[in-house]
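Summary of the model geometry
Each chain, letter by letter, is given below.
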Amino acid sequence: MRNILKAALGSAAAIAMAAPAWSQQVAAAPDNDLLPDIVVTAERRESRLQETPISITALGAAQLENQGVRTVGDLAATVPNLTSPTGPQGSADANFFVRGVGQFDFIITNDPGVGVYVDGVYLGRTVGALLDSSDIARVEVLRGPQGTLFGRNTLGGAISITTRQPEIGALSGQGRATYGSRDRIDLDASLNVPLGDRAALRVSGVTRNQDGFSRNPRTGVVFGRTERLGGKAALLFEATEALTVTLSADYSLDKSNPAPAVLLDILPLPFFPADARADLFNPNDFYRSFASNSPEARNEIYGFSGTIAYDFGGATLKSITAYRNLDSFSTSDPDGTGYRLYDQQATTVQNQFSQELQLSGSLLDDKLEYLLGAYYFREDADQTLFLCFAPITPLPTARGNACNTWTQGNAQITNSYAVFGQARYKTEGGFSLTLGGRYTWEDKDIVSNQLFDFRPAGFEAAPGMVVPGFPAPIVTDLASSLSFRKFTPKIGLEYAPNRDLLVFASYAKGFRSGGFNGRIIAPQASVPSYAPDTNDTFELGFKSDIVPGVLRTNITAFYSKYKGIQQTISDPAVQFRVANAGNAELYGFEAEVALNPVRGLRFNAGIGYTSSSFEDVPVNVGPINGNRLPFSPEWTVALGGEYRVDLGNFALTPRVDWRFQSRTFFTAFNLPLEQQDPYGLLAARITLTDADDRFSLAVYGENLADAKYFTFGQNALQAQGVAYNYIGRPREFGVTAGFKF
């Protein structure tokens with residue numbers, strides 16, 4: 001870590017001293033299609049990316065399209081130190097990890113470690129939060145704790161999504177159609193309609209359909225299917241020059257089913273069918289799976305929001321009010337055999353209400369910038385999990401058997417309150433000081449109902465006597481409550497000698513409240529719980545336009561002390577539980593470079609390095625001291641390049657992107673059969689546009705080298721007698737046509 005900090009300091013100093021020389025180079029620079037200024041709202045106000053003292057990656061609509069980003073989960077192909085593994089419960093789960101901090105467990109008693117925000121509204125569940133990119137104006141990935149400016153659970157970072165907003169006085173629209181491998185058919189369109197001089201309406205819609213890529217040869221069931229539709233309407237009204245109101249509503253229905261599990265190993269336990277090993281994974285037939293779960297899945301989501309802003313002249317008061325509803329159903333087969341050994345069904349119904357107030361402005365001749373806020377969030381979530389489990393009685397004689405079940409029913413209410421603020425004071429010499437803080441009050445109440453059914457339908461309790469089932473309650477209407485209070489600060493020091501250079505250092509503390517263990521295997525007096533976790537992060541970075549418009553370099557080094565890590569672990573006594581799995585030391589860097597050396601030619605590179613290791617692990621957690629954190633590869637690399645060729649009335653732009661990540665462990669135990677070796681994904685795109693950029697035609701290819709890889713898995717041989725993995729998407733091709741007016 002010391003060497004990383006020295007290198008960052010040395011580079012920053014060299015850039016600062018060379019600043020005058022760069023200015024001279026700019027005067028002589030050729031007239032290129034210059035790298036544009038990027039405007040972000042990472043600090044809840046508009047600012048240039050290059051003057052924002054945060055480790056942040058921002059992608060606009062054009063970049064998202066050119067790099068083949070279908071959902072925000074595809075951002076991992078571009079953003080350093082970001083991973084987004086596909087969840088076993090559905091293709092729309094937003095399982096983000098930033099610098100090793102995140103959450104993969106979908107159960108409602110766990111909270112995300114990386115917050116997802118849409119137009120300033122926090123999404124409380126990872127289930128269904130993997131949003132489509134069809135009408136997105138910009139996505140910002142903020143690394144490190146962001147609690148002094150954002151809502152809940154920005155322990156590791158935040159994904160801030162800004163959708164396209166209505167434009168007054170402009171009639172415009174656009175549309176795209178895609179046809180590709182496995183009968184992929186995508187359609188999306190949007191229309192902006194002015195309503196007089198003070199209002200405008202924007203509507204958009206999308207549908208995506210594609211056949212699956214994995215097939216069960218016994219049943220013919222296909223997994224990995226995409227079936228999604230959605231739409232949004234937004235109304236902007238400028239009541240006066242100072243008062244604006246934006247109302248929006250959105251709806252989406254996602255029936256996509258996840259990729260299936262494949263069986264990597266199974267123990268010869270007496271209660272497993274002897275021929276279950278016939279369903280073992282065959283690497284020569286990578287996309288074959290014998291998974292016995294149903295291909296049905298559903299995520300139905302709708303929401304409403306209203307944003308009111310009033311400009312007082314020197315300050316702006318903003319209110320963001322939102323309501324969202326989620327209704328989800330999914331299945332998975334964590335054994336990957338044709339027998340129902342550990343099949344799972346999950347039904348989740350969730351609604352949330354949030355209210356945020358912000359007062360922002362500047363004082364002292366704009367030397368002092370400030371933002372003050374208050375936040376309220378309420379979530380009502382109800383989830384029922386049905387889990388088949390071994391030992392099976394009687395021993396199955398045919399695949400697709402009935403099974404014992406463990407029913408886990410949890411209803412949880414969360415109320416979260418916070419006040420927050422941040423201020424930055426700028427001096428005449430280019431230095432500035434940033435101070436911020438947040439105080440959070442959070443209360444959680446749960447009622448749990450859980451039971452076993454040890455007698456599948458048709459079980460013969462005695463010769464000639466058949467019983468439909470015999471439920472054995474574990475807990476009934478078991479109620480518990482938890483309360484948490486926490487202050488989290490931020491302090492930063494910045495130096496900007498000119499417009500093209502920023503050097504910054506900061507400290508921030510992130511906090512995620514504790515919660516309940518929603519999987520109960522034995523009678524309890526109260527629902528078991530776990531404590532909060534915290535993340536103390538120090539950053540040192542610089543942002544430079546070395547040759548403005550031609551070469552941009554942004555580098556941040558970080559060191560984090562991640563304490564009380566909330567980790568879902570495999571436990572033979574209870575199968576799975578959340579534990580405070582000790583602490584971790586995280587350090588590394590992100591380096592992003594954009595280069596536009598000659599007209600039409602652009603390169604981009606993003607490199608992330610994260611060192612992570614568990615330490616101070618309690619004995620009852622297991623032997624994970626020294627292990628890497630799950631979904632935290634040591635290296636992530638994204639390289640891209642494009643060249644725009646002018647053909648008179650048209651332009652042709654070929655583009656190539658490559659994403660690499662080093663070895664990734666799927667659980668804290670770092671065992672064989674639950675890790676993915678290093679791999680890379682190669683993508684290419686050739687786009688033809690007219691001179692006015694009104695029409696476009698693109699041919700694309702994804703995973704061109706047809707890399708075979710896994711997205712998640714567990715070696716649960718000791719706890720369950722099986723080891724399984726989930727398979728990633730294969731190579732595909734397609735063509736996209738678009739228009740704008």
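Here we summarise the structure given alongside this text. Everything quoted here is computed from the prediction, not taken from an experiment.

Right, let's talk about the overall build of the protein chain for a bit. Along the protein chain, the regular secondary structure elements total two helices and 46 strands. Relative to its full complement of 741 residues, the protein chain shows a buried share of 56%. Restricting to contacts in the protein chain with at least 6 residues of sequence separation, those with at least 24 account for 68%. If you sum the accessible surface of the protein chain, you get close to 28900 Å²; carbon and sulfur atoms cover 60% of it.

On the surface, a nonpolar cluster with roughly 930 Å² of combined accessible area is contributed by Tyr179, Ile185, Leu187, Leu647, Phe650, Leu652, Ile686, Leu688, Leu697, Val699 and Val735. Listed by contribution, the elements that provide at least two residues to the nonpolar patch are β12 (184-194), β39 (650-661), β42 (679-690) and β43 (695-702). Locating Leu652 in the fold gives a position in strand β39.

Here we take up the sheet that holds strand β10 (residues 157-163). Spatial strand order, β3-β9-β10-β7-β8: five strands in an open sheet with mixed pairing. A single partner strand is all that each edge strand has here, and the edge strands are β3 (56-60) and β8 (121-122). Direction of pairing for β3 relative to strand β9 (residues 136-143): antiparallel, over a ladder of five bridges. Within the sheet, the bridge partner assigned to Thr57 lies in β9 and is Val141.

Ordered in space as β18-β45-β44, the three strands form an open sheet in which the pairing is antiparallel. Lying at the two open borders of the sheet, with one neighbouring strand each, are β18 (261-266) and β44 (710-716). Strand-to-strand twist in this sheet, taken as the mean axis angle between neighbours without regard to direction, amounts to 15 degrees.

As a further point, take the nonpolar core. Among the nonpolar cores identified, the biggest contains 39 residues, and Ile266, Phe710, Val722 and Ile727 are the most heavily contacted of them. Of all the elements in the fold, those that place two or more residues in this core are β18, β22 (368-389), β24 (431-453), β27 (471-498), β44 and β45 (722-727). With sequence-adjacent residues up to four places away left out, Ile266 is seen in contact with Phe272, Ala276, Arg277, Leu280, Leu341, Leu717, Gly721 and Val722. Of all hydrophobic cores here, the second largest spans 19 residues; its members include Leu59, Leu75, Leu82 and Ile161.

Side chains on a regular strand alternate between the two faces of the sheet. Two strands pair when backbone bridges link them, and strand β20 (residues 315-332) and strand β21 (residues 344-363) are joined in this way by 18 bridges, in the antiparallel orientation. Following the sheet pairing, Ile320 is matched in β21 by Glu356. Hairpin connection, β21 to β22: the antiparallel pair is bridged by four residues, and Leu364 has positive phi, about 55 degrees.

On to the environment of Val203, then. Mapped onto the secondary structure, Val203 falls in strand β13 (residues 199-210). Through-space distance from the C-alpha of Val203 to that of Ala249 is 9.7 Å; in sequence the pair is 46 residues apart. Ignoring sequence-local partners within four residues, the contact set of Val203 consists of Ala189, Ser190, Leu191, Lys232 and Ala233.

Below, the discussion takes up the pairing of β27. Where β24 meets β27, 22 bridges bridge the pair, whose relative direction is antiparallel. Along β27, the bridge assignment pairs Phe452 with Ala472. Relative to strand β28 (residues 501-512), β27 runs antiparallel, the two sharing seven bridges. Looking at the pairing, Gly492 lines up with Ser506 of β28. Linkage of β27 to β28, two consecutive antiparallel strands, is achieved through a turn of two residues.

In this section: the pattern of salt bridges. Evaluated as defined, the whole model comprises 52 salt bridges. Close ionic contact of Arg729 with Glu732 constitutes a salt bridge, the shortest N to O distance being 3.4 Å. Using a relative accessible area of 27% as the deciding quantity, one classes Arg729 as partly exposed. Salt bridges sharing common partners tie together Arg70, Arg182, Arg184, Asp186, Arg208, Glu702, Arg729 and Glu732.

This next bit is on the packing of aromatic side chains. This structure, assessed with the given rule, holds 29 aromatic pairs. Taken together, a centroid distance of 5.7 Å and an interplanar angle of 50 degrees make the contact between Trp406 and Phe452 tilted. Of this pair, Trp406 sits in strand β23 (residues 404-426) while Phe452 sits in strand β24, placing them 46 residues apart in sequence. A relative accessible area of 11% means that Phe452 is categorised as buried.

Cut-offs and rules
Residues numbered from 1 in each chain as written. Predicted model: local features only at pLDDT ≥ 70, side-chain atom pairs only at ≥ 80, totals over all residues. Heavy atoms only, no water. Helix = DSSP H or I, 4+ residues; strand = E, 2+ residues; numbered from the N terminus. Buried < 20%, exposed > 50% of the residue type's maximum accessible area, 1.4 Å probe, protein only. Contact = heavy atoms within 4.5 Å. Areas by Shrake-Rupley, 256 points an atom, 1.4 Å probe, with all protein chains shown as cover. Patch = residues over 30% accessible without salt bridge, like charges linked within 9 Å, V, L, I, M, F, W, Y side chains within 5 Å. Salt bridge = Lys/Arg side-chain N within 4 Å of Asp/Glu carboxyl O. Pairing = 2+ DSSP bridges. Axes fitted to C-alpha atoms, helices over the stretch in contact; angles between N-to-C directions. Core = buried A, V, L, I, M, F, W, Y, C linked by side-chain atoms within 4.5 Å. Phe/Tyr/Trp six-rings, centres within 6.5 Å; stacked < 30°, edge-to-face > 60°.

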